[in-house]
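# Reading the structure
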Amino acid sequence: MRTDFRQQLESLQDDLGAMCALAGDAVGNATRGLLDVDEDAAREVARDIGRLRFLHSTVEKRTLAILAKQAPVAGDLRRVVTAIHVAADADRMGGLASHVAKVGLRRHPRSAVPHELHGRFIEMGSTAVGLAECCRDILTTGDCAQAARVRSDDRVMETMHRELFGQVMSPGWEHGAVVASDVVLLGRFYGRFADHADEIARRMVFQTSGEALAREQAI
């Protein structure tokens, strides 16, 4: 019975890792759709999100079953409760990738992002994919050593978002209010994606050690 319980917990952790991987796929496809004006890549995000939502539902059912049938305590209870929160964060990461894709589709066949900002959004997209991969690795291996990298990249993403806001507010901005609004909103989506990755890292550190990492305040 105890062996079966351990297997359930391991399977739950694998599903959470798969959710983070799908969130990474979604934000990668969304970024390609946005910058390459690639309608197919943008629409692929919807399929990524469909698979992500299915896994989220599976995780919710498994955690409820474990709580009802196994009545876990101490570290095992912490692990199950953490799984519920991590699944919600990973699901939200996918939702934010979907928002990025929708902005690109709304402006198609024109680009929502001015050419001079493509480099910045390539960097934000790459950072987002890397964050999702780090979360997947933490979840599937239980090694929280990468949590520091997640926290660092979250700060980098926040800095990039602030810099985007500064660019669209500068006197030299030539693309109008609509494009400015799209750029700031897109930056916010990537920033929130990173925030949820940071939450996952924090929760996994708590699951492993029982010690909560303090949330860092945005500057």
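Above this text you will find the structure in question.
Here the structure is a predicted model, which means the values were calculated and not measured.

In terms of nonpolar packing, the biggest core is built from 63 residues, with L34, F121, Y190 and I200 touching the most fellow members. Among the elements that take part in this core, helix α1 (residues 2–35) stands out by supplying 13 residues, more than any other. Those residues in contact with I200, other than ones at most four positions away along the chain, are C20, V86, D89, A90, M93, C135 and L139.

As a further point, take the environment of R188. Here R188 is to be found in helix α6 (residues 176–209). With 84 residues separating them in the primary sequence, R188 and G104 have C-alpha atoms 15 Å apart. Once residues lying within four places of it in the same chain are set aside, the contact partners of R188 are E158, H161 and D195.

With that settled, the discussion passes to the packing of aromatic side chains. In this structure the tally under the stated criterion is one aromatic pair. Seen from their ring centres, F121 and Y190 are 6.0 Å apart, and the 55° between their planes marks the pair as tilted. Of this pair, F121 sits in helix α4 (residues 118–141) while Y190 is found in helix α6, placing the two residues 69 residues apart along the sequence. The exposure classification of F121 matches that of Y190, with both residues buried.

Right, let's get into the packing of helix α3 (residues 74–107) against α6. At a minimum axis distance of 9 Å, the contact between α3 and α6 shows a crossing angle of 165°. Judged by the angle between their axes, α3 and α6 are roughly antiparallel. For the pair α3 and α6, the crossing hand works out as left-handed. Considering only residue class, the contact of α3 with α6 consists of 15 nonpolar, six polar and 10 charged.

All right, on to unusual backbone geometry then. Along the chain, H108 connects to P109 via a cis peptide bond; the corresponding omega equals 10°. A positive phi angle, close to 50°, is found at V37, a residue other than glycine. By the element assignment, V37 lies in the loop between α1 and α2 (39–70).

All right, on to a nonpolar patch on the surface then. Side chains of L64, L67, L77, V81 and I84 sit close together on the surface and give an oily, nonpolar patch of about 380 Å² of accessible area. Elements with a minimum of two residues in the nonpolar patch: α2 and α3. Top element by residues in the nonpolar patch is α3. It accounts for three residues. If you trace the backbone, I84 turns up in helix α3.

Here we come to α2. For α2, spanning 32 residues, the distance from its first C-alpha to its last is 47 Å, which sits close to the expected 46 Å at 1.5 Å a residue. A41, A42, V45, D48, I49, L52, L55, H56, T58, V59, T63 and I66 are the residues of α2 that are buried. Sitting at the head of α2, D38 places a side-chain oxygen 3.1 Å from the backbone nitrogen of D40.

Conventions we followed
- Residues numbered from 1 in each chain as written.
- Predicted model: local features only at pLDDT ≥ 70, side-chain atom pairs only at ≥ 80, totals over all residues.
- Heavy atoms only, no water.
- Core = buried A, V, L, I, M, F, W, Y, C linked by side-chain atoms within 4.5 Å.
- Buried < 20%, exposed > 50% of the residue type's maximum accessible area, 1.4 Å probe, protein only.
- Helix = DSSP H or I, 4+ residues; strand = E, 2+ residues; numbered from the N terminus.
- Contact = heavy atoms within 4.5 Å.
- Phe/Tyr/Trp six-rings, centres within 6.5 Å; stacked < 30°, edge-to-face > 60°.
- Axes fitted to C-alpha atoms, helices over the stretch in contact; angles between N-to-C directions.
- Parallel < 35°, antiparallel > 145°, perpendicular 65-115°, else oblique.
- Left-handed = near helix turned anticlockwise from the far one by under 90°.
- Nonpolar A, V, L, I, M, F, W, Y, C, P; charged D, E, K, R; others polar.
- Patch = residues over 30% accessible without salt bridge, like charges linked within 9 Å, V, L, I, M, F, W, Y side chains within 5 Å.
- Areas by Shrake-Rupley, 256 points an atom, 1.4 Å probe, with all protein chains shown as cover.
- Salt bridge = Lys/Arg side-chain N within 4 Å of Asp/Glu carboxyl O.
- Expected span 1.5 Å × (residues − 1).
- Polar contact = N/O pair within 3.5 Å; in protein donor to acceptor, adjacent residues only side chain to side chain.

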